[in-house]
Amino acid sequence: MKKLSFEVGILTIFGHLKDNYRGELKKNYLIVDKGYNSFPTNIPGTLYKKALQARKRLNEILSDIIRERKEQRLKKKDLSGCLLNSRDDKGEVLSDDKIADNIIGVLFAAQDTTASVMTWIVKYLHDNPKLLEAVKAEQKPIRKLNEEGNQHLSWTQTRNMPVTYKVILESLRMASIISFTFREAVADVEYKGYLIPKGWKVLPLFRNIHHSPEFFTDPQKFDPSRFEVAPKPNTFMPFGNGVHACPGNELAKLEMLVMTHHLVSKFRWEVIGP
Ligand code: HEM
């Protein structure tokens, strides 16, 4: 799953990217990813040290790509093209370092999140055989039609997968893989008799909201049919809310629809081990 979401991330950011660049980005990003939660000892051989070195190499690779794209004046519509062409309030272009930082940030935001939810979907479908049958009943005719017409899955088809879509929404709710976010009170706020002073950090706990019986009946039950009725405003926020809400929201859901289509129409799977 991580491989898939990484490849989609790369495609979104760069469109077509030469194999050698893609390989080097992948190799070094993996090292950074491994060291991300490691103990910060800057000694040779540690995950942390390796991650710092790989992070530097990532900057170098990204600088090469950026330089090449600038020379070729590629005004692409992918994210790298947007970053290369964007200007700040003073009309200045972004520095190469800022572009590289943004690219690594987006890769990070796109990979583990989507891969985690896709992994949960595999488990939830496995644990709910009736639901799996319903999803198969939706996906298999699409596959058959496409095989007969020698076609790929189309955008229009992904817009018409109501059962699978609800499974995705329910997986996002149940797993709540981003369980909270940070915000800062920019002014004194009074909320239900409590004062949140200006400057205090606030942690909206999405997981608690998603698992509250006040908003979701029998919240521990995996029940996609609950999404036949839209949740109350601000009770379903797997992608956050407000100006910093996830810009990859629609892409992530599309990725999950496509993955589920191929999963249920081509494969069987079972849990092994204890
Ligand atoms: C299932 C997959 C995903 C989940 C659950 C998810 C969830 C989130 C959440 C909760 C936030 C924080 C919002 C906030 O603080 O209010 C966020 C931010 C962000 N996400 Fe995602 N995300 C997913 C996939 C993606 C993908 C595929 C991309 C890009 C291709 C992406 C790019 C970003 C970026 C750049 C931010 C930072 C936005 C900002 O600070 O303004 N995410 N995401």
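Refer to the preceding data block for the structure.
Cut-offs applied
- Residues numbered from 1 in each chain as written.
- Predicted model: local features only at pLDDT ≥ 70, side-chain atom pairs only at ≥ 80, totals over all residues.
- Heavy atoms only, no water.
- 1 Å grid on protein atoms, 1.4 Å probe; cavity = no way out; pocket = protein on both sides within 12 Å on 5 of 7 lines; lining within 4 Å.
- Points joined across faces, edges and corners; volume = space filled by probe spheres on them.
- Helix = DSSP H or I, 4+ residues; strand = E, 2+ residues; numbered from the N terminus.
- Nonpolar A, V, L, I, M, F, W, Y, C, P; charged D, E, K, R; others polar.
- Axes fitted to C-alpha atoms, helices over the stretch in contact; angles between N-to-C directions.
- Parallel < 35°, antiparallel > 145°, perpendicular 65-115°, else oblique.
- Left-handed = near helix turned anticlockwise from the far one by under 90°.
- Contact = heavy atoms within 4.5 Å.

Participant: Account for empty space enclosed by the protein, naming residues and giving values.
Facilitator: Per the stated rule, a full pass over the model turns up 1 cavity of 30 Å³ or more. Of the pockets and cavities examined, the largest cavity occupies roughly 30 Å³. Around the largest cavity, the lining residues are F14, I65, I66, R69, S80, L84, I99 and I103. For the lining of the largest cavity, the elements supplying multiple residues, two or more each, are α3 (47-71), α4 (79-85) and α5 (96-127). The biggest single contributor to the lining of the largest cavity is α3, with 3 residues. Its residues assigned to classes, the lining of the largest cavity shows 6 nonpolar, 1 polar and 1 charged.

Participant: Tell me what's going on with the packing of helix α8 (residues 162-175) against helix α10 (residues 249-266), and back it up with residues and numbers.
Facilitator: Direction vectors running N to C along α8 and α10 enclose 120°, while the axes themselves pass 10 Å from each other. Overall, the two elements α8 and α10 adopt an arrangement that is oblique. As for how α8 packs across α10, the hand of that crossing is right-handed. Across the interface between the two elements, T164, Y165, I168, L169 and L172 from α8 touch K253, M256, L257 and T260 from α10. Classifying every residue of the contact of α8 with α10 gives 6 nonpolar, 2 polar and 1 charged.

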